[in-house]
Amino acid sequence: MESAFDNLDWRKIRLNVPNSAGATAAHVEVYEYGAHITSWAVTGDERLFLSPSTEFRPGAAIRGGVPVIFPQFSLEGPLPRHGFARTQLWELSDVREDAESVCVDLHLMDSPATHPIWDQPFFARFQVEGRGRQLEMRFSVFNRGTIPLTFTCALHTYLRLHDVQQAQVEGLRGTHYRLSGGSRAETFVDEAEVIRIDREIDRIYLNAPDVVTVREPYRVLEVRKQGFADCVVWNPWAEKCALMKDMPPDGYLHMVCIEAGQIETPVELAPQESWTGVQTLVAVQ
Ligand code: TA6
């Protein structure tokens, strides 16, 4: 394990991920800030998009990688957009490295920093496990308060693509979706054989299948989920990308977000209850 602090005192953990033969299959990097995965390179090939113009600034979300969205998805509630977990300093609980896998375990608890935004006691945990060509992200929330806890969440995964226009997203055909930011009442059914990204897309697929495949000419990546009901597909395309200070103008050509989420039906936890959702990336090719 390499552990480094950048000039903001944000610790970054960098781990070599072994395969079953004990060789290095991948590298993964996780910041304590936001419990944010910023890199996952499989045999040297980066599979996560990190904007070269991202701001590493307290209070700003890192643009790219895997922002943890909690306790609110987008502006669908009274809290700041996408909640606050992505802009909090999480605490490192443990790093485990063994012959077949490595794991970074982080946690975030309510604190004087979160109380003014959301006055709820909670304990959130994010475990990132690399094993061969797989990266598993396990997000759990425990209600450590005395009243019910309600939240929505997502793992806002920016996948890096060589060329978005050569890529296709498979596995969502026949699934109902609604537009992010649009009316909840208005839903559509995806009739397309595959999704080709040649314009802005911002959809929340409801009760989505647990495996979505992103296929490029020479690469295939599976996004699997367990526990999360929904799946978001997002690309801002040229016009919206140009308005984002922390994205280069052509950034949209090299990314698509596929996000396991629990959005449509919020999680409701009685006191002392917990919930877990898992998203796994598999570099098939
Ligand atoms: O998950 C998709 C989305 O909610 C889009 O609507 C979108 O603009 C995006 O996330 C990025 O949000 P951010 O707050 O990181 O700029």
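Above this text is the structure in question.
Residues numbered from 1 in each chain as written. Predicted model: local features only at pLDDT ≥ 70, side-chain atom pairs only at ≥ 80, totals over all residues. Heavy atoms only, no water.

Moving on to the environment of Leu 253. With respect to the helices and strands, Leu 253 occurs in the loop between helix H1 (237–242) and strand S20 (255–269). Sequence spacing of Leu 253 and Ile 197 is 56 residues, and the spatial spacing of their C-alpha atoms is 9.4 Å. (Helix = DSSP H or I, 4+ residues; strand = E, 2+ residues; numbered from the N terminus.)

Take the pairing of strand S2 (residues 11–18) next. With four bridges joining them, strand S1 (residues 2–5) and S2 adopt antiparallel strand pairing. The partner of Phe 5 across the bridge, within S2, is Arg 11. In this sheet, strand S3 (residues 24–31) lies alongside S2 in antiparallel orientation, the contact comprising seven bridges. Across the sheet, the residue bridging to Lys 12 is Tyr 31, located in S3. Following S2, the chain reverses through five residues before pairing antiparallel with S3; Gly 22 in that reversal takes a positive phi of roughly 90°. (Pairing = 2+ DSSP bridges.)

Further remarks concern the side chain of Thr 54. Considering the arrangement of structural elements, one finds Thr 54 in the loop between strand S5 (45–46) and strand S6 (68–69). Engagement of the side chain of Thr 54 in a polar contact is seen with the backbone nitrogen of Arg 63, the distance being 2.7 Å. Contacts of Thr 54, omitting those with residues within four sequence positions, involve Ala 61, Ile 62, Arg 63 and Asp 246. (Polar contact = N/O pair within 3.5 Å; in protein donor to acceptor, adjacent residues only side chain to side chain. Contact = heavy atoms within 4.5 Å.)

Backbone hydrogen bonds hold the strands of a sheet together, and the pairing may be parallel or antiparallel. Ordered by their spatial adjacency, seven strands build an open sheet running S6-S11-S20-S19-S16-S13-S14, and the pairing between neighbours is antiparallel. Each end of this open sheet is capped by a strand with a single partner; those strands are S6 and strand S14 (188–189).

Here we come to the site of the ligand. Near the ligand the following residues occur: Arg 63, Phe 73, Arg 81, His 82, Arg 86, His 156, Ser 180, Asp 202, Val 232, Trp 234 and Glu 259. Within the side chain of His 82, an N or O atom sits 3.0 Å from an oxygen atom of the ligand. At a separation of 2.9 Å, an oxygen atom of the ligand approaches a polar side-chain atom of Glu 259. A total of 400 Å² of accessible area belongs to the ligand in isolation, and the protein chains cover 86% of it. If you map the ligand onto the pockets, it falls in the largest pocket. For the shell around the ligand, the class distribution of residues is three nonpolar, three polar and five charged. (Near = heavy atom within 4 Å. Areas by Shrake-Rupley, 256 points an atom, 1.4 Å probe, with all protein chains shown as cover. 1 Å grid on protein atoms, 1.4 Å probe; cavity = no way out; pocket = protein on both sides within 12 Å on 5 of 7 lines; lining within 4 Å. Sits in = over half its atoms within 2 Å of the grid points. Nonpolar A, V, L, I, M, F, W, Y, C, P; charged D, E, K, R; others polar.)

Strand order in the open sheet made by the five strands is S1-S2-S3-S4-S5, with antiparallel pairing throughout. Every interior strand has two partners, whereas the edge strands, S1 and S5, have only one. Of the strand pairs in this sheet, strand S4 (residues 36–42) and S5 are connected by two bridges, and their pairing is antiparallel. Note that in S5 the partner of Ala 41 across the bridge is Glu 46.

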